[in-house]
Amino acid sequence: MDAGNTSEIVSDANAIDDTGMQYTTEKLDSETAQSIASNETDECEKQGQWSELPALPIEKIYSFLSRRDQVNMSLVCLKWSEGYSSPSVWKTFRFALKKSQLSKDTCPVMKFVQKYNSMFRHVKVSLDFSLKKRLIKTWCRHFIAFLQILTDNSQLISVEFQDLSHCFLKIDNTTFDDTCRAIANFLGSQHHLKRVEFRYCWFEFPEAVEILRKLTEKSRKSLTHLVIRKFVRYNPMKQEQDSIFTQNLPTLADLPSLTNLEIDYALIFENMVARQYTAPQTVKNCQTLVLSKIILDYQQEVPPIEDLRGLTSTDWRFLKMLCPNLQVELFITAYSPSRRELEFLIVPNIPITRLEYKESAFDMEVETDVLFDLLLVCKTNDHLVSLRLLWDAPVQDLASPFIPFLLACNKLKYLELFTIYPTNVTDLMEYWLYNPPEYLEKVNIEIWEIPDEENYTILMNLTSEYVSRLELIGLNVKVFLNIYSIVT
């Protein structure tokens, strides 16, 4: 069973209440529990020899159960109890301590970690947002001990850290330093990591660099998937200091087996790409990389583009030389967008196969024709397979600038449009009736804030007619309409 399926069906010990956890721990080592299990075995044998199931089917059954059901299954008979200690039960482990566990002198979960950590292959760490400051410090103490155990005894295939930012905001500098050091040391002890994820952790820049450096020390040849989203807390007062640490950042060439990178458009990404591609001779000395997908997320003002170097078309051209199969999925969220900002992010030679552009502004500063003209100039249409556009304002004239761009997109299969009423999407649908796009497979259109029932009904009837006619020529179009409502 692969890691993805296992992570969905095997919960961590926190899924069990404290009483059940404590009972299970004592059960595994007590003579009383052995006696109970023997009696249960006799009863099971009378009912159909279930206790004689071979070890492999028992492990398979365990792998499909929640942690609570695994505990219940282990209580059936002695042989099934032994199956509870099998690798399939402990292959995936989630470290997510609850309030009730942190309020006790000892944490029951740590007993399981001590006993079964050598079987862990996939670990997920997350933090409960409801924890108070006092409990968060206790959580950190257990977390550091947890990482130390893994550092000494475990070799994982994947690890995920999520929502640690809530912790870092509420602890003192010493605890923060100790926690970051424990994470770095743990990553430096692993030799076979294939997938590593950091989501909403918000490290300081020096600690983030050290964590990535440690990761590449031992797992550089095994790592195939790396996710670092909301990884570094932006601090404009430390920009000059942070630039010193960029020299210790690993480059993409330091990760020769990496196939997928999901990352924010920020200082770390720029330096991982640009630092080794500043001259043609640098590229010639580097071997071809297997990196095939970069998922790149940009959110305006975090950080502002004034504090970024910006990747040029030359940077992207060099990267494409090193990664011949590279595809880029670009997600842009702009709150007060400008033409300069778009030209900073979208340049020639970026092989964008998926683009999501979300503009959240009451007054649109970037006209739709500016966006589509830029995409054409940068030849984004040569690669684009999926396009999702979200405007938080009315787009009165959508068809005129959009149609020339669509005509140039020979690979576009999926199109999603979200806009505010009024908009002329029916002009676009009218055009498709007489000029059927051979490349498009699926179109979703959503219009928000229709002012009243009358306009809603008119638009619904009109778009429904177009949808039916387009369906007859083989184009799958869905239209969703939403009436504006005020909550009182």
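Presented here is an overview of the structure given in this document. (Residues numbered from 1 in each chain as written. Predicted model: local features only at pLDDT ≥ 70, side-chain atom pairs only at ≥ 80, totals over all residues. Heavy atoms only, no water.)

A few points about the overall build of the protein
On a plain count of helices and strands, the protein comes out with 22 helices and 13 strands. Residue burial in the protein is summarised as follows: out of 488 residues, 51% are buried. For the protein, the exposed area adds up to about 23,000 Å²; of that, 50% sits on carbon and sulfur atoms. (Helix = DSSP H or I, 4+ residues; strand = E, 2+ residues; numbered from the N terminus. Buried < 20%, exposed > 50% of the residue type's maximum accessible area, 1.4 Å probe, protein only. Areas by Shrake-Rupley, 256 points an atom, 1.4 Å probe, with all protein chains shown as cover.)

Some details on the pattern of salt bridges
Two side chains with opposite charge may pair up if their charged atoms get near one another. Summed over the entire model, instances satisfying the criterion amount to 18 salt bridges. In this structure, the salt-bridge partner of K137 is D172, at a minimum N-O distance of 3.4 Å. Linking K137 in helix α10 (residues 133-153) with D172 in the loop between α11 (165-168) and α12 (173-189), this pair joins segments that are 35 residues apart in sequence. With relative accessibility at 48%, the residue K137 sits in the partly exposed group. In this structure D172 comes out as partly exposed when scored by relative accessible area, which is 34%. (Salt bridge = Lys/Arg side-chain N within 4 Å of Asp/Glu carboxyl O.)

Comments concerning the packing of helix α9 (residues 108-116) against α10
The description of two helices packed together rests on the angle between their axes and the distance between the axes. Where α9 contacts α10, the axes come no closer than 10 Å and their chain directions differ by 10 degrees. The orientation of α9 with respect to α10, classified from their angle, is roughly parallel. Contact residues: α9 offers M110, V113 and Q114, while α10 offers H142, A145, F146 and I149. Of the residues that constitute the contact of α9 with α10, the class distribution is 5 nonpolar, 2 polar and no charged. (Axes fitted to C-alpha atoms, helices over the stretch in contact; angles between N-to-C directions. Parallel < 35°, antiparallel > 145°, perpendicular 65-115°, else oblique. Contact = heavy atoms within 4.5 Å. Nonpolar A, V, L, I, M, F, W, Y, C, P; charged D, E, K, R; others polar.)

Here's the deal with the nonpolar core
In this structure, W139, F146, F161, F198, I268 and F402 are the most contacted members of the largest nonpolar core, which totals 139 residues. With 9 residues, the top contributor of residues to this core is α10. The residues that make up this core include at least three from each of domain 1 (51-89) and domain 2 (343-487). Beyond its immediate sequence surroundings of up to four residues, W139 is in contact with F95, L97, L102, V125, S126, L127, L131, L164 and C167. (Core = buried A, V, L, I, M, F, W, Y, C linked by side-chain atoms within 4.5 Å. Domains from an automatic or database assignment.)

Focus: the pairing of strand β9 (residues 352-359)
Extensive coverage of β9 is indicated by the burial of 6 of its 8 residues. Each parallel crossover has a hand, and for strand β8 (residues 327-334) linked through helix α18 (residues 339-345) to β9 it is right-handed. (Right-handed = clockwise from strand over helix to strand, strands pointing away.)

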